[in-house]
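# Tertiary structure, described
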Amino acid sequence: MGIKVGIDLGTTFSAVARISPTTGRAEIIKNQYGDATTPSVVYIGEDDSILYGKDAKQMQECGSENAVAFFKRNMGNKNFSFSINGKTYNSTDFSAILLRNLKEDAEKQTGEKIDGAVITVPAYFTNVERAATMEAGKRAGINVIAIINEPTAAAFAYGLNETKSDQTILIYDLGGGTFDVTIAKITPDTINVIGSDGDHQLGGKDWDDCIAQYISEEFEKRTGISFADDAEMINSILVKSETLKKQLSNISKVKFPVNYGGNKEVIELDEETYEQISSYLMGTTTSVIDRLFESVHLSWNDIDGVILVGGSTRMKMVQNYVKKMCGKEPLHGVNVDEAVALGAAIKANLPERPIAFLNGAKSQEPLLTIAGAKKVIDVTAHSMGMISQNKEGNKYINSIIIPKNHTIPASENKTYKLSTRQKSNEMEIYIVQGEYPRPLDNTISGLYVVKNIEKMGSSSEIEVTYTYTSNGIIEVTAKQKENQKILKIEKHDVPDDISWTDLDPKDYMKSKVTTSEVEVILCIDLSGSMYFDNRQPIIKATQAMLDFVSQMDSSQVKIGLLAFADKHKMISVPTANYKALKEAISNVQSICVGGCNEDQPFTEGYNYFRNSDADIKYLIVLTDGIWDNQNQAINEAHKCHKNGIDVIALGFGTADEAFLKEIASSDDFASLTNLNELSTSFTKIAQEIGGDKLQTWN
Ligand code: AMP
């Protein structure tokens, strides 16, 4: 049997750790050069030979274009690719190459086979980035036991110090390319993560860039010469800047000779100037920390200690900031470069069953005693939602299903109302990671298409469940509430252009519905009461119907006219010839179908639609009173509903609201109004028919 390791797949450096078979403590597996960390750099030679780590970094320092670093910053980014020798690589490919070599080297150094690994990711990594990391591990031939958050891993490593009492700890993780901050309560046997936040476009590299920028500006100021267009020079200055930055962690002033274009200059950088030119970067870390405090309702006063993780926390400005804010020195005993890998190794070796905790907790069944082993309660770094319309139906929003800082694993659901007046029986679930109401202000990290929704009326209730696994991967399921059917779900690529989320849903849906054929029959009650009050009811009803037709689009919707009272008469079957239809509506008063309400429009409507190929079928019934055979009408209306014909019922005068609700396909489709509001009610119907809706159900 082989061993299980922890791998810190860092932006700039990576490290591998195991549990020592003799001490039970996590320890770093040094690489072939005897180093605890390996640069996260990959080089692919012209003959496709591969170098990694220190050797690849040397190629990078020589300015080789085939050496790639910082690929972790683009993990899962489908727009990032790098072409070498005519082959295209993405971040997952480079990570897989690095991981395979780290694994093989660790196997050589230990003489053991690696059976599985826990790989760490920044807490702020999204679903997509986590999935890409797992994929890289798999492609490297590694059995990925789990993905864990770097700060959580660091807290595990801190457990090596054997906490005696509960402490609230802030984990400040500033690496080469990412910044994460996490607050956790550490008890003798648990690590309870309270919240985390971060910026994964911020790291030590930004401080390097800042120094490089300073050097090039100073050089240009003194000599008038710019090397901004000289890629090789910039690369070499960047590499040197990192060295200067590290020196500034120990000494207060550094000097850097620049020899370019026949000019020699020695540029000095002291601690104070360094802090000044990079103060905006420290400012960003401060904002992230303040944002986290605000979201978990804590402040610096609640913090018992700070764990520093990541090479960049060696910078004096970081240590001074932490001391100033916390009022204490950062906690010691954890090597900032090694903490994450050590913690991951502990996690990798935790048995699935309850373990014997070294730090106080007792177990009846001691399996393996691992120093630092604690139960972890972790939280989501982002809110997880989906795109839906707001209640008013005038905006697309991020409808949050699992809120940020929810303990994981988590499973939450929300019910959405889907109008099924569309041709397809599908629903799109765009996964949104983030808290902002506007979908595009967040990461859209996945698209799932729910299939085979059964049309059971004008709208369906779809219960969407998000399950956030302990690896931070999202799983999506959907159920149709009417029939409790679990729906089939397909994963799709998120399209490049989702700018439609900024449009008014009505406009957008109108453009989408073009492929569906919609037919509407306006059914008007022509009983005697419509002619009371100087014919006001029939005059206003005629006008409202004419207004309705004017708002529709004849290329999408065919409209017909049916009159009913004691008998019924189909005056016009659904037609795209709105001119003729309007004429028929204007002359509706001349139609004679009797004076009472013995008949109903549903049987005729059903008979017509039974032979129609339209995808979407509506009967809009306009009535002003009580019908003679309401029960029969209800039965006939229900037959329509069952056969995919939606009934919209609009009543005024003495019409009965309970009856309207019975004949309508849903309560939303029944309304009792008055003569003066008829046109407005028809406008609302026109909007309903004009587009589909996916709305949060309240
Ligand atoms: P990590 O991603 O945790 O390996 O951190 C790597 C980053 O830490 C790189 O940007 C390094 O330049 C930076 N770093 C390493 N040592 C020091 C140091 N002594 N002072 C400042 N930054 C450092």
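Residues numbered from 1 in each chain as written. Predicted model: local features only at pLDDT ≥ 70, side-chain atom pairs only at ≥ 80, totals over all residues. Heavy atoms only, no water.

## A few points about the overall build of the chain
Stated precisely, the cut-off is as follows: Comment: elements are numbered from the N terminus, with helices defined as DSSP H or I runs of at least four residues and strands as E runs of at least two. The reference for a compact globule is 2.2 Å times residues^0.38; the radius of gyration itself is calculated from the C-alpha atoms. Only protein chains enter the accessibility calculation, which uses a 1.4 Å probe. A residue is then buried if its area is under 20% of the maximum for its type, exposed if over 50%, and partly exposed in between. Residue contacts are defined here by distance: any two heavy atoms, one from each residue, within 4.5 Å place the two residues in contact. In these tables, accessible area is a Shrake-Rupley quantity obtained with a 1.4 Å probe, and a residue counts as shielded only by the protein chains included in the view. Charge counting follows a simple rule: Lys and Arg are positive, Asp and Glu are negative, and His as well as the terminal groups are ignored. Positions of charges follow a simple convention, taking NZ of Lys, CZ of Arg, CG of Asp or CD of Glu.
A count of helical and extended segments in the chain gives 17 helices and 37 strands. A compact globule built from 698 residues should have a C-alpha radius of gyration of about 26 Å, whereas the chain, at 34 Å, is more than 25% larger. Principal-axis analysis of the C-alpha atoms gives the chain an extent of 100 × 75 × 55 Å. Split into buried and exposed, the 698 residues of the chain put 56% on the buried side. Restricting to contacts in the chain with at least 6 residues of sequence separation, those with at least 24 account for 69%. Split by element, the accessible area of the chain, about 29800 Å² in all, is 46% carbon and sulfur. Across the chain, the mean location of the 71 positive side-chain charges is 3 Å away from that of the 94 negative side-chain charges.

## Quick word on the domain arrangement of the chain
Where the parts come together, the accessible area they lose is often given as the size of the interface. Worth spelling out the cut-off: Bear in mind that the domain bounds are from an automatic or database domain assignment.
With domains assigned, the chain is organised as domain 1 (3-202 + 281-378), domain 2 (204-280), domain 3 (384-503) and domain 4 (518-693). Computed from C-alpha coordinates alone, the two centres of domain 1 and domain 4 are separated by 66 Å.

## Some points on the pairing of strand β12 (residues 167-174)
Under the convention used in this document: In short, DSSP must find at least two bridges between two strands for them to pair.
With respect to burial, β12 is a largely interior element, 8 of its 8 residues being buried. Neither face of β12 is exposed, since Q167, I169, I171 and D173 on one face and T168, L170, Y172 and L174 on the opposite face are all buried. The sheet contact formed by β12 and strand β13 (residues 179-186) spans 8 bridges and is antiparallel. Its bridge partner being in β13, I169 is matched across the sheet by A184. The loop that links β12 with its antiparallel partner β13 comprises 4 residues. The pairing of β12 with strand β17 (residues 305-309) spans 5 bridges and is classified as parallel. Of the residues in β17, the one forming a bridge with D173 is V309.

## Looking at the packing of helix α2 (residues 91-110) against helix α3 (residues 127-139)
Let me state the cut-off plainly: Working convention: axes come from line fits to C-alpha atoms, limited for helices to the stretch in contact. Angles between N-to-C directions cover 0 to 180 degrees. Working rule for angles: under 35 degrees goes down as roughly parallel, over 145 as roughly antiparallel, 65 to 115 as roughly perpendicular, anything else as oblique. Note: crossing handedness is left-handed where the near helix turns anticlockwise from the far helix by less than a right angle, and right-handed where it turns clockwise. Side-chain classes follow a simple rule in which Ala, Val, Leu, Ile, Met, Phe, Trp, Tyr, Cys and Pro form the nonpolar group, Asp, Glu, Lys and Arg form the charged group, and the remainder, Gly included, forms the polar group.
In the contact formed by α2 and α3, the axes pass within 8 Å of each other and the chain directions differ by 45°. Looking at the two axes, α2 sits oblique to α3. For α2 against α3, the interelement crossing comes out right-handed. Contact residues: T92, D93, S95, A96, L99 and R100 in α2; A132, E135, A136, G137 and R139 in α3. Split into classes, the residues belonging to the contact of α2 with α3 amount to 4 nonpolar, 3 polar and 4 charged.

## Quick notes on the site of the ligand
Using the following cut-off: One heavy atom within 4 Å of a molecule or strand is enough for the residue carrying it to be called near that molecule or strand. Whenever two N or O atoms come within 3.5 Å, that pair is a polar contact, provided that in protein one can donate a hydrogen and the other can accept it, and provided that, for residues adjacent in sequence, both atoms are side-chain atoms.
Taken together, the neighbourhood of the ligand is formed by 14 residues, with T12, G176, E242, K245 and S249 sitting nearest. The contact in question runs from an oxygen atom of the ligand to an N or O atom on the side chain of T12, over 2.9 Å. With respect to the ligand, the backbone of G311 contributes an N or O atom lying 3.0 Å from an oxygen atom. Contact with the protein chains covers 89% of the free accessible surface of the ligand, which is 490 Å². Classifying every residue of the shell around the ligand by side-chain character gives 2 nonpolar, 8 polar and 4 charged. Per-domain counts for the shell around the ligand show at least three residues from each of domain 1 (3-202 + 281-378) and domain 2 (204-280).

## Quick word on the pairing of β13
Counted residue by residue, β13 has 7 buried out of 8 residues, so it is predominantly covered. In this sheet, strand β14 (residues 190-199) lies alongside β13 in antiparallel orientation, the contact comprising 8 bridges. Within β14, the position partnered with A184 by the bridge is V193. Hairpin connection, β13 to β14: the antiparallel pair is bridged by 3 residues.

## Some thoughts on the sheet that holds strand β5 (residues 42-44)
Strands pair in a sheet through their backbones, by hydrogen bonds, and they do so in one of two ways: parallel or antiparallel. Taken in spatial order, the 3 strands line up as β6-β5-β7 in an open sheet, and their pairing is antiparallel. Bordering the open sheet on either side are β6 (50-52) and β7 (67-68), each of which pairs with just one other strand. By the bridge criterion, 3 bridges tie β5 to β6 in an arrangement that is antiparallel. Note on β6: the bridge partner recorded for I44 is I50. Relative to the sheet, helix α1 (residues 53-61) contacts β5, β6 and β7, its axis offset from that of β6 by approximately 100°. Strand contacts of α2: β5, β6 and β7, with the helix running at about 75° to β6, the strand carrying the most contacts.

## Describing the packing of aromatic side chains
What counts here: Between rings of Phe, Tyr and Trp, where Trp is taken as its six-membered ring, a pair exists when centres lie within 6.5 Å; planes separated by under 30 degrees are stacked, by over 60 edge-to-face, and by other angles tilted. By definition here, charges over rings are those cases where NZ of Lys or CZ of Arg is within 6 Å of the ring centre and within 35 degrees of the ring normal.
One pass over the structure, following the stated rule, counts 17 aromatic pairs. Between F219 and Y260, the aromatic rings sit 6.4 Å apart at their centres with planes inclined by 75°, giving edge-to-face as the arrangement. Here Y260 lies in strand β15 (residues 253-260) and F219 lies in helix α5 (residues 204-223), a separation of 41 residues in the sequence. What makes F219 buried here is its relative accessible area of 0%. Ring centres 6.1 Å apart and planes at 80° place the aromatic pair W300 and Y321 in the edge-to-face group. Placement of W300 in the loop between α8 (279-296) and β17 and of Y321 in helix α9 (residues 316-326) is noted, with a sequence separation of 21 residues between them. This pair shows no difference in class: W300 is buried, exactly as Y321 is. An aromatic cluster of three or more residues is present, and its members are Y172, F179, F293, W300 and Y321. Sitting over the face of the ring of F70, K205 holds its NZ or CZ atom 5.3 Å from the ring centroid. The ring of Y606 carries the charged tip of K639 above its face, separated from the ring centre by 4.3 Å.

## Comments concerning the pattern of salt bridges
This is how it is decided: Just to be clear on terms, a salt bridge is a Lys or Arg side-chain nitrogen sitting within 4 Å of an Asp or Glu carboxyl oxygen.
Applying the stated rule across the entire model yields 32 salt bridges. The residue K316 makes a salt bridge to E271 at a minimum N-O spacing of 3.0 Å. A residue pair is termed long-range when its members are at least 10 positions apart, and K316 in helix α9 and E271 in helix α7 (residues 271-277) qualify at 45 residues. For the salt bridge of K323 with E329, the shortest nitrogen-to-oxygen distance reads 3.8 Å. Relative accessible area serves as the criterion here: at 31%, K323 is assigned to the partly exposed category. Overlapping salt bridges bring together D93, E135, K138 and R139 as one network.

## Focus on helix α15 (residues 630-642)
Under the convention used in this document: Multiply 1.5 Å by the residue count of a helix minus one, and that product is the helix's expected span.
With 13 residues, α15 should reach 18 Å at 1.5 Å per residue; the first-to-last C-alpha distance of 18 Å fits that figure. Within the span of α15, buried status applies to Q630, A633, I634, E636, A637, C640 and H641. For α15, the elements touching its buried residues are α14 (602-610), β34 (616-623), β35 (645-651) and α16 (657-663). One or two residues past the end of α15 sits G644, with phi positive at roughly 75°.

## Structural notes on α3
Helix length check: α3, at 13 residues, gives a terminal C-alpha distance of 18 Å against a target of 18 Å (1.5 Å per residue), a fit within 8%. Downstream of α3 by a residue or two, G141 has a phi angle that is positive, lying close to 80°.

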